[in-house]
Amino acid sequence: MPEPVRDRVSATESTPLDHDAMLAGSSDPTTQNAPTSSETTIAIRAPQNEGFHWRRALTESFTFLVIEQAYVVHSDFNWVVSENGVPFNHYWRDYKQSLSAWVHSGWNDGDPNWFGYVGHPIQGALTGFIEIQNDPQGEKLEFSRTKAYWWSRLKAGLFNAAYSTQWNLGPVSEVTVEKYGTKDRPPNTYAGTYPCFRHCLTGVGQIDIVMTPLGGTGWLIGEDFLDSKIVRRVEDNTDNRFLIDTVRVALNPIRAGANILHGEHPWYRASRNARGMSLVQDQKTAVSARETPPTQIPNHGDVFFGYSHTGAVHCEVTYSGAATVCDPLSAKASSLDGWNVTVEKKYLRYIGAVADFSGQYGGVSERNFLFGLRGGASIGRFRPFAEALIGAVHTQEKISGISTSNTSFAEALGVGVDFRMTRLLSWRIRTDELKTGSPAFERRNLLLSSGLSVRF
């Protein structure tokens, strides 16, 4: 019978101690009579009385919020810019209207049932896992009938409830970004059409305030149960790391997402994986935290310099989505060529903050100022990534000495890949869908860029 995975550490998954623990171990007088390396048993001591990691938990929660709001801006762009093309215009007036509409809304918010009974509980499960992985007293607990386990999951449920309340009704919520419940966004029918005169929905309701924390906590406990009863059995009966990791992710998909926000592999388990394992699991040399070997690849961020090109422009009616003729200035913003400069600073292991600036020239001059998040992971020499950015686009045209210009809110969703050529230099290819617009119409076109990325 194979030896259980949880009771051993394989040669390819050596357990690296953190720097403090290594120093403590080396200064311990009892190590004078320590056994040889082949006989050494490594014991990892958990920190005593370690408090909840509030800063890390709030950083991960904010990152998740930005990712969710990027989806909101993309899917409901017309409502985001419905007030003269400016997000958050008349913020306080609209916010009060939204809260008033929520009080009188009842249970249903008009979303499809799977949104309220599946989608939002998934959101709640992920924020619950954020709480758990930042709680030293609860992160290693597995499903059991113990008081410690259920108290830990109750705290996760309360954290989940606080996040979901902010998501639905808070100062940076669905109602403030998408203007649900405001007079600017009139009630719709159950079919989602406008206008509505009877049996109308305002986009707000009590369903998410209740179902997100309750359903999310239930989902979280369900993943704990599967991990304890099924994943553990797989681990006990095979040495195949690919199979073990695949089962872990397949049966705990929401935990996998929270792991990524926490800077761990999707298949990571605090209860049976050593902290500090690198992405390359066959690394054989432990490096002191105070030392940086000359061959180590910098991973704090990068600066990109490159060429940019805009594709054909597509315009559509804001509310119906039907194609329409672009205004004269937008129609000329096709097939422009120019430059692109981007700075990325990593603040989580797989996620960085991005500032992106570009200029394109041709029929008109266009300058983009975008900010947001980028997430990606290195696979050999390649680093694929995805990004979500918001900001502004300024378009200008001069005819017979007369200048015509327009500045509009913009968002960009994109993907790309870096190919590492040397320790510091990579070549990047990237494409984004750039969306701008006004209350009257939306404009979309592809923004392509390629050039040199310098890591730091």
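The coordinates are above.
In this report, we go over the structure that sits alongside the text.

Each value, and the rule that gives it
Residues numbered from 1 in each chain as written. Predicted model: local features only at pLDDT ≥ 70, side-chain atom pairs only at ≥ 80, totals over all residues. Heavy atoms only, no water. Helix = DSSP H or I, 4+ residues; strand = E, 2+ residues; numbered from the N terminus. Buried < 20%, exposed > 50% of the residue type's maximum accessible area, 1.4 Å probe, protein only. Contact = heavy atoms within 4.5 Å. Areas by Shrake-Rupley, 256 points an atom, 1.4 Å probe, with all protein chains shown as cover. Disulfide = S-S within 2.5 Å. Phe/Tyr/Trp six-rings, centres within 6.5 Å; stacked < 30°, edge-to-face > 60°. Axes fitted to C-alpha atoms, helices over the stretch in contact; angles between N-to-C directions. Parallel < 35°, antiparallel > 145°, perpendicular 65-115°, else oblique. Nonpolar A, V, L, I, M, F, W, Y, C, P; charged D, E, K, R; others polar. Salt bridge = Lys/Arg side-chain N within 4 Å of Asp/Glu carboxyl O. Left-handed = near helix turned anticlockwise from the far one by under 90°. Patch = residues over 30% accessible without salt bridge, like charges linked within 9 Å, V, L, I, M, F, W, Y side chains within 5 Å. Expected span 1.5 Å × (residues − 1). Bend = angle between axes of the 7 residues up to and from the residue.

This paragraph deals with the overall build of the protein chain. Broken down by element type, the protein chain carries 11 helices and nine strands. Within the protein chain, buried positions represent 43% of all 456 residues. The contacts in the protein chain between residues at least 6 apart in sequence include a share of 67% that link residues at least 24 apart. Summed over all atoms, the accessible surface of the protein chain reaches about 23700 Å², with 63% contributed by carbon and sulfur.

We now examine the environment of Ser426. Topologically, Ser426 is positioned in strand 8 (residues 425-437). Counting along the chain gives 29 residues from Ser426 to Arg455, while the straight-line C-alpha distance between them is 7.8 Å. Leaving out residues up to four positions away in the same chain, Ser426 has contacts with Asp418, Phe419, Arg420, Met421, Gly451, Leu452, Ser453 and Arg455.

Moving on: the state of the cysteines. Summed over the entire model, instances satisfying the criterion amount to one disulfide. Put simply, Cys315 and Cys326 are joined by a disulfide, and their sulfur atoms are 1.9 Å apart. Disulfide Cys315 to Cys326: torsion about the S-S bond roughly 110°, handedness right-handed. Here Cys326 lies in the loop between strand 2 (314-317) and helix 11 (328-331) and Cys315 lies in strand 2, a separation of 11 residues in the sequence. The exposure class of Cys326 is buried, given its relative accessible area of 16%.

This model, assessed by the stated rule, comprises 15 aromatic pairs. Following the ring pairs from residue to residue traces out a cluster consisting of Phe88, Tyr91, Trp92 and Tyr95.

A word on the packing of helix 8 (residues 207-236) against helix 10 (residues 253-261). Two packed helices can be described by the angle between their axes and the distance between those axes. At a minimum axis distance of 9 Å, the contact between helix 8 and helix 10 shows a crossing angle of 100°. The orientation of helix 8 with respect to helix 10, classified from their angle, is roughly perpendicular. From helix 8, Trp219, Glu223, Asp224 and Asp227 reach across to helix 10, where they touch Pro253, Ile254 and Arg255. The class makeup of the residues in the contact of helix 8 with helix 10 is three nonpolar, no polar and four charged.

What follows is about the pattern of salt bridges. Under the criterion given, the structure shown has 30 salt bridges. The shortest N-O distance in the salt bridge between Arg374 and Glu344 comes to 3.1 Å. Here the residue Arg374 occupies a position in strand 5 (residues 365-376), and Glu344 occupies one in strand 3 (residues 337-346), the gap between them amounting to 30 residues. With respect to burial, Arg374 and Glu344 carry one shared label: buried. Residue Glu344 is joined to Arg383 by a salt bridge in which the shortest nitrogen-to-oxygen separation is 3.0 Å. On the criterion of sequence distance, the pair formed by Glu344 in strand 3 and Arg383 in strand 6 (residues 382-399) is long-range, its members being 39 residues apart. As far as the burial class goes, Glu344 and Arg383 line up, both buried. Overlapping salt bridges, with partners in common, bring together Asp302, Glu344, Asp356, Arg374, Arg383, Glu387, Asp418, Arg428, Arg430 and Asp432 in one network.

Contact geometry of helix 2 (residues 54-75) with helix 6 (residues 147-169) gives a least axis separation of 12 Å together with a crossing angle of 35°. Seen along the crossing, helix 2 lies across helix 6 with a hand that is right-handed. Each of Trp54, Ala57, Ser61, Phe64, Leu65, Glu68, Gln69 and Val72 in helix 2 lies in contact with helix 6, whose residues at this interface are Phe159, Tyr163, Gln166 and Trp167.

Moving on, we get to a nonpolar patch on the surface. Taken together, the side chains of Trp107, Trp114, Tyr117, Val118, Val210, Leu214 and Trp219 present a nonpolar region at the surface, about 690 Å² in accessible area. Taken together, the elements giving at least two residues each to the nonpolar patch come down to helix 5 (113-133) and helix 8. Structurally, Val118 is set in helix 5. According to the relative accessible area criterion, Val118 is partly exposed, its value standing at 35%.

On to helix 5, then. Relative to the 30 Å expected for 21 residues at 1.5 Å per residue, helix 5 spans 30 Å between its end C-alpha atoms, a close match to the ideal helical length. At Gly119, helix 5 is deflected by roughly 25°, the largest bend along its length, and proline Pro121 occurs up to four residues later in sequence.

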